[in-house]
Structure formats: C-alpha cells, structure tokens
Amino acid sequence: MRLSGKVALITGGTSGIGKATAVLFAREGAKVGFTGRDQARGGAVAGEIERADGRALFVRGDVRSAADCARAVAEVERALGPIDILFNNAGVFFPRTVPETTEQEWDETIDVSLKGAFLMSKAVLPAMIARRRGVIIHNSSGWGVVGGDRAAAYCAAKGGLVLLTKAMAIDHGKDGIRVNCVCPGDVETPMLPDDARQRGLSWEEYARGAADRPLGRIGRPEEIAYAVLFLASDESSFMTGAALVVDGGGAAD
C-alpha cells in the first residue's frame, strides 16, 4: 500500500503501460483517474480495478486539447480528491525517417507525447504548487536517451520529454514537487505489433530484433509500471530530474 490515500491521474490509461500502471497504483492504495479516447476500453479498465476493490474513474478525452486536460483534472479532483500524482503516459509512434514523415504524423507525435504532457502538467501544477507537494512522471523512452532507426518524430518527442523533466524539476523543486521520467525499452504493448506491420516485418522477425539486448527479451508492461510506482512513491523521495531507463540493457549495449 505504498500509495495509500493518494490520488493519481494517468493519461493513456486504457492499454499497455498506462493500464498496467493504473491497476498497480490502485492495488497499492491509490484512487486512480485515467484518460483515453476509447470509452469501451476505459470502462473495462475501470471495471477491472473496481472488481478488485479499487477506486477508479475514466475520463474520455484527448491530451492534445487544453480544454480536455483541464476537464479531466477537474473531474478527477471532484470525484476523487486533489491530485497527488500525474503520470503523463499517452503517446503514438510512426516508424518513419524525416523524409518519410508527413507533417500530420509529426504534429500528432509531438502533440500527443510532448504537448500533451505540457498541457496536463499545466493543468495540475497550480494546485500542487498551492499544496506544496506533488509528483509528476513523464513516460519517455530509451529512444529519448539514445537514437533509434526510422523514428525521427518519436525520438524528438521523447527526447523533449527528458529535458522537459529536467526543466520542470529545476523550476518546481522549491514548490515541493518532484518531476522524473521513465524510459522504457521495447515492451509488450499494442504499439509493437503495429510497428512490425508498418515496417513490413513478421512478428517473429520483429520480436527477435526487439529482444536483442543484454537481458534477451522484450519487457512486460507490469515491469515498467513498477518503475513508475517507485518514482511515484516516497521510496524515491530524493529523486527529481531523473530519466530512469528500464529497457533490459538496450541503451547500455
């Protein structure tokens, strides 16, 4: 119960790392609000948490919209209480070089991952500053620390999140707010099969390449969720401005 009595807000919480984190946070005692664009999937995740005696609220919305972000924060605070933890998890991926990337794909990648984190942080920070406490975690990537092939917009967005983390940590340490980011490697989420398809690879070929790292396998969403839990809990109370790489050794290889 490391988050007992806490209220968390997670973006992109209907699948993958976001869903795993919402379920884990609830199991650790938090009341969990989460956002996404799919009402059916959001309701299913909330139902799963509530059947396990947790407390959850799904708010349908788009993190690219300032109005949606403000509304999500307001609805979560009205239903669950003041937000203690924000996990900016929403993201998209297009496997493209710069010449291959369309302007629309570039804008969507930057807007969902980077602008969305900015807008949601902007919505929660005033109340956190007033209470002089809070934790914000961004979901970056191993490719936000080192480059990756055919991932120009993604690397730009995720690299931006690493430096946004550091800038916010410097600005808001005096306010009692910690800001860190987690940098996952390849993880078993719906994003991976879609990436394989767009690259013209069979899942078997793709999985072999993704597992080519010191630990020799792809990660599980729950393994990233535990890293996010650590950053959200008092166990990381002297950490801010950090980029925690959780990638099976990929960035070290």
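See the structure printed just above.
For the structure given in this document, a descriptive report is provided here. (Residues numbered from 1 in each chain as written. Predicted model: local features only at pLDDT ≥ 70, side-chain atom pairs only at ≥ 80, totals over all residues. Heavy atoms only, no water.)

### Here we look at helix α3 (residues 66–80)
Turning to step 1, where the next piece is worked out: For α3, spanning 15 residues, the distance from its first C-alpha to its last is 21 Å, which sits close to the expected 21 Å at 1.5 Å a residue.
Turning to step 2, where the next piece is worked out: Of all the residues in α3, the buried ones are Cys 69, Ala 72, Val 73, Val 76 and Leu 80. For α3, the angular spread of buried residues about the axis comes to 95°, placing them on one side. Facing away from the buried side of α3 by over 90 degrees, the exposed positions are Ala 67 and Arg 78. (Helix = DSSP H or I, 4+ residues; strand = E, 2+ residues; numbered from the N terminus. Expected span 1.5 Å × (residues − 1). Buried < 20%, exposed > 50% of the residue type's maximum accessible area, 1.4 Å probe, protein only. Arc of directions from axis to C-beta.)

### Some points on unusual backbone geometry
Excluding glycine, most residues fall at negative phi; most peptide bonds, likewise, are trans.
Turning to step 1, where the next piece is worked out: Even without glycine at this site, Arg 132 takes up a positive phi of about 60°.
Turning to step 2, where the next piece is worked out: Mapped onto the fold, Arg 132 is located in the loop between α4 (103–131) and β5 (134–139).
Turning to step 3, where the next piece is worked out: One non-glycine residue, Arg 150, lies in positive phi territory at about 50°.
Turning to step 4, where the next piece is worked out: By the secondary structure assignment, Arg 150 is in the loop between β5 and α5 (152–172).
Turning to step 5, where the next piece is worked out: With relative accessibility at 29%, the residue Arg 150 sits in the partly exposed group.

### Side note on the pattern of salt bridges
Turning to step 1, where the next piece is worked out: Scanning all chains against the criterion turns up 16 salt bridges.
Turning to step 2, where the next piece is worked out: We note a salt bridge from Arg 71 to Asp 68, for which the minimum N-O separation is 3.5 Å. Here Asp 68 and Arg 71 lie together in helix α3, a separation of three residues that amounts to about one turn.
Turning to step 3, where the next piece is worked out: Across the pair Arg 213 and Asp 186 runs a salt bridge whose closest N-O atoms are separated by 3.0 Å. In this pair, Arg 213 sits in the loop between α7 (203–210) and α8 (221–232) while Asp 186 sits in the loop between β6 (177–184) and α6 (191–198), placing the two residues 27 residues apart along the sequence. (Salt bridge = Lys/Arg side-chain N within 4 Å of Asp/Glu carboxyl O.)

### What about the sheet that holds strand β1 (residues 7–10)?
Each strand in a sheet pairs with another by means of backbone hydrogen bonds, the pair being arranged parallel or else antiparallel.
Turning to step 1, where the next piece is worked out: Pairing in this open sheet of seven strands is parallel, and the strands run β3-β2-β1-β4-β5-β6-β7 from one edge to the other. Single-partner strands in this sheet number two, and they are β3 (55–60) and β7 (243–246). The sheet shows a mean angle of 20° between the axes of neighbouring strands, direction not considered.
Turning to step 2, where the next piece is worked out: Relative to strand β4 (residues 85–88), β1 runs parallel, the two being bridged by three bridges. Across the sheet, the residue bridging to Leu 9 is Leu 86, located in β4.
Turning to step 3, where the next piece is worked out: Along the sheet, helix α1 (residues 16–27) contacts β1, β2 (31–36), β4, β5 and β6; its crossing angle with β1, the most-contacted strand, is approximately 170°.
Turning to step 4, where the next piece is worked out: On top of the sheet, α5 reaches β5, β6 and β7; it is set at about 160° to β6, its chief contact. (Pairing = 2+ DSSP bridges. Axes fitted to C-alpha atoms, helices over the stretch in contact; angles between N-to-C directions. Contact = heavy atoms within 4.5 Å.)

### Topic: the side chain of Arg 96
Turning to step 1, where the next piece is worked out: Assignment of secondary structure puts Arg 96 in the loop between β4 and α4.
Turning to step 2, where the next piece is worked out: There is a polar contact of 3.0 Å between the side chain of Arg 96 and the side chain of Glu 105.
Turning to step 3, where the next piece is worked out: Reaching out from Arg 96, the side chain makes a polar contact with the side chain of Gln 198 at a distance of 3.1 Å.
Turning to step 4, where the next piece is worked out: If we skip the residues at most four places from it in the chain, Arg 96 touches Thr 101, Glu 105, Arg 150, Ala 151, Ala 152 and Gln 198. (Polar contact = N/O pair within 3.5 Å; in protein donor to acceptor, adjacent residues only side chain to side chain.)

### Brief notes about the pairing of β3
Turning to step 1, where the next piece is worked out: Bridge analysis of β2 against β3 gives six bridges, and the strand direction is parallel. If you follow Gly 33 over to β3, its bridge partner there is Leu 57.
Turning to step 2, where the next piece is worked out: In this view, the connection linking β2 to its parallel neighbour β3 by way of helix α2 (residues 39–51) has right-handed handedness. (Right-handed = clockwise from strand over helix to strand, strands pointing away.)

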